[in-house]
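Coordinate analysis (summary)
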Amino acid sequence: MNPYEIRKHFPILDQEVNGNPLVYLDSAATSQKPSAVIESIDKYYREYNSNVHRGVHTLGTKATDAYEGAREKVRKFINAASAEEVIFTRGTTTALNTVARSYGKANLSEGDEIVISYMEHHSNIIPWQQVAKETGASLVYLPLQQDGTISLEDVRKTVTSRTKIVSIMQVSNVLGVINPVKQIAQIAHDNGAIMVVDGAQSTPHLKVDVRSLDCDFFAFSGHKMVGPTGIGVLYGKKELLENMEPIEFGGEMIDFVGLYDSTWKELPWKFEGGTPIIAGAIGLGAAIDFLEEIGLEHIEAHEHKLAAYALEKMSAVEGLQIYGPMDAKQRAGVVTFNIGDVHPHDVATVLDAEGIAVRAGHHCAQPLMKWLDVSATARASFYLYNTEEDIDKLVEGLVKTKEYFSNVF
Ligand code: PMP
């Protein structure tokens, strides 16, 4: 399917914004949803809405089959060895907090180090800051190369026998760079540390294989991969998850409850306290079906092509600064930029008047903004439904922005 055919599956894209056809370039914040995903949720609520794992009635069985069926789809999608290793969470943030609060708290003490990079999202910084404060462990930052990439030489220097946890994003939501997490995992393991991967921006765009990466934990969100909001996944190796304590306690996750003590269900349910995110999981399952039908290889190739086209066209706009590597092969479909001294919020406002949706701000990456020596940037991000025409409109919009703010050039 070419992007024009793909677009027909996304009803929201067929609309005008401020009198212009919508050009949606904010998929790194959240992707749009195809009809198949919307309909899968609609069908659940209309036809078999019921709680899971409880009663024996027909609707309950149907809902349980759909919920656990979605888990199996996720398992296959990321090539986990077993469905017990797939825990449904609210998103990447909850998944990373679970690792920090459960594994981190139990395994870190004074003198230990947690290694993260300057490009991490706040969701992969703050949980580690908190657990470091609680345990006396130190947070160590992996430096970045001038173009914002990570060098394995730096990883080898930074990760030592003191390191207990390495936690790195596979694709940056700001720079778009694809990090060598498989090689970083190898270095972490050689030093006796575990490897956590923030896959929020990689899972939607490239084929993820957790066994090939050999990471110990992997986190991602459904809403960035054409699925609904409120659902995400924590993958963890079974031997690690089995030895971890839950962080939420209550219904659904227990085996036996006594007056003063209780025992937990087996994996994965011990980490899914309370009524689970049933509609979200079903929607995520439908999203995986949709992406697999198109093919992750196809999506990845399409985005590389768009990134190359965008880098070429945007770098021809005088006064526009692009952050991150200029080689499209090193990036996913994210281009972050500034135009002269125009504030990125003003850039986004002018573009919005043209019907073009981009993001402006610190992108939940304040340490990276500091590293780039800017307070904020604008960001255009592409997905399977974007076309070269969208990028042409963005470039036209940027030229207009420059004209509008010609006083600051
Ligand atoms: N990590 C990265 C790289 C992200 O881009 C995001 C979302 N912007 C997150 C983590 C957090 O994801 P969520 O808000 O879905 O929990």
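Now for a look at the structure at hand. (Residues numbered from 1 in each chain as written. Predicted model: local features only at pLDDT ≥ 70, side-chain atom pairs only at ≥ 80, totals over all residues. Heavy atoms only, no water.)

It is worth spelling out the overall build of the protein chain at this point. From N to C terminus, the protein chain includes 14 helices and 17 strands. Here the C-alpha radius of gyration of the protein chain, 22 Å, is about what a compact globule of 409 residues would show, namely 22 Å. Burial status across the protein chain gives 56% buried among its 409 residues. Considering only contacts in the protein chain between residues 6 or more positions apart, those separated by 24 or more positions represent 70%. Seen as two clouds, the 37 positive and the 54 negative side-chain charges of the protein chain have centres 2 Å apart. (Helix = DSSP H or I, 4+ residues; strand = E, 2+ residues; numbered from the N terminus. Rg over C-alpha atoms; globule rule 2.2 N^0.38 Å. Buried < 20%, exposed > 50% of the residue type's maximum accessible area, 1.4 Å probe, protein only. Contact = heavy atoms within 4.5 Å. Lys, Arg positive; Asp, Glu negative; His and termini not counted. Charge placed at Lys NZ, Arg CZ, Asp CG, Glu CD.)

In this section: the sheet that holds strand β6 (residues 138-142). Spatial strand order, β4-β10-β9-β8-β7-β5-β6: seven strands in an open sheet with mixed pairing. Each having just a single partner strand, β4 (86-89) and β6 make up the two edges of the open sheet. Put simply, the sheet's adjacent strands are angled 20 degrees from each other on average, direction ignored. Strand direction decides the pairing type here: strand β7 (residues 163-169) and strand β8 (residues 194-198), joined by five bridges, are parallel. Along β8, the bridge assignment pairs V166 with M195. Against the sheet, helix α7 (residues 181-190) touches β7 and β8, its axis set at about 155 degrees to β8. (Pairing = 2+ DSSP bridges. Axes fitted to C-alpha atoms, helices over the stretch in contact; angles between N-to-C directions.)

It is worth spelling out the side chain of R379 at this point. By the element assignment, R379 lies in strand β17 (residues 377-381). Residue R379 is classed as buried on the basis of its relative accessible area of 3%. Within the structure, the side chain of R379 is placed 2.9 Å from the backbone oxygen of N173, a separation counted as a polar contact. Each residue touching R379, except ones within four places of it in the same chain, is listed here: L25, D26, A28, A29, N173, V334, V335, T336, F337, V358, R359 and H363. (Polar contact = N/O pair within 3.5 Å; in protein donor to acceptor, adjacent residues only side chain to side chain.)

Here the focus is the site of the ligand. The immediate surroundings of the ligand are formed by T92, T93, H121, S123, M169, N173, D198, A200, Q201, S221, H223 and K224. Between an oxygen atom of the ligand and a side-chain N or O atom of T93, the distance comes to 2.5 Å. Interatomic distance of 2.8 Å between a side-chain N/O atom of K224 and a nitrogen atom of the ligand. Its free accessible area being 390 Å², the ligand has 84% of it covered by the protein chains. (Near = heavy atom within 4 Å. Areas by Shrake-Rupley, 256 points an atom, 1.4 Å probe, with all protein chains shown as cover.)

All right, on to the sheet that holds strand β16 (residues 359-361) then. Ordered in space as β13-β14-β17-β16, the four strands form an open sheet in which the pairing is antiparallel. The open sheet has two edge strands, β13 (320-323) and β16, and neither has a second partner. Averaged over all adjacent pairs, the angle separating strand axes in this sheet is 30 degrees, with direction ignored. Strand direction decides the pairing type here: strand β14 (residues 334-339) and β17, joined by four bridges, are antiparallel. Looking across to β17, one finds that V334 is bridged to S381. Set on the sheet, helix α14 (residues 388-404) makes contact with β13, β14 and β17; between it and β14 the angle comes to about 15 degrees.

The side chains of a regular strand alternate between both faces of the sheet. Judged by how many residues are buried, β8 sits mostly within the fold: five of five residues are covered. Here β8 shows no split at all, with I194, V196 and D198 on one side and M195 and V197 on the other all buried. Once the chain exits β7 it traverses α7 before rejoining the sheet at β8, and the crossover so formed is right-handed. Two strands pair when backbone bridges link them, and β8 and strand β9 (residues 217-221) are joined in this way by three bridges, in the parallel orientation. The residue bridging V197 from the neighbouring strand is F218, located in β9. (Right-handed = clockwise from strand over helix to strand, strands pointing away.)

Put simply, L267 and P268 share a cis peptide bond, and its omega is -5 degrees. Within the secondary structure, P268 sits in the loop between β12 (262-264) and α10 (278-294). Positioned with a positive phi, N18 is a non-glycine residue whose angle comes to about 50 degrees. Relative to the helices and strands, N18 resides in the loop between β1 (16-17) and β2 (20-21). Residue C364 is not a glycine yet carries a positive backbone phi of 55 degrees. Turning to its location among the elements, C364 is positioned in the loop between β16 and α13 (366-372). For C364, a relative accessible area of 32% corresponds to the partly exposed category.

Before going further, it helps to examine the pattern of salt bridges. The full count for this structure, using the stated rule, is 16 salt bridges. Taking the shortest distance from any N to any O, the salt bridge between D112 and K164 comes out at 3.5 Å. Taken together, the residues span a long stretch of sequence, with D112 in the loop between α4 (92-107) and β5 (113-117) and K164 in strand β7 at a distance of 52 residues. What makes D112 buried here is its relative accessible area of 10%. A residue is classified by how much of its surface remains accessible, and K164, at 27% relative accessible area, is partly exposed. Linking K237 and D214 is a salt bridge whose minimum nitrogen-to-oxygen distance equals 2.8 Å. Of this pair, K237 sits in the loop between β10 (232-236) and α9 (238-242) while D214 is found in the loop between α8 (210-213) and β9, placing the two residues 23 residues apart along the sequence. Assessed through its relative accessible area of 15%, K237 is described here as buried. Residue D214 is classed as partly exposed on the basis of its relative accessible area, which comes to 35%. Residues joined by salt bridges that share partners form a network here, namely D26, R359 and R379. (Salt bridge = Lys/Arg side-chain N within 4 Å of Asp/Glu carboxyl O.)

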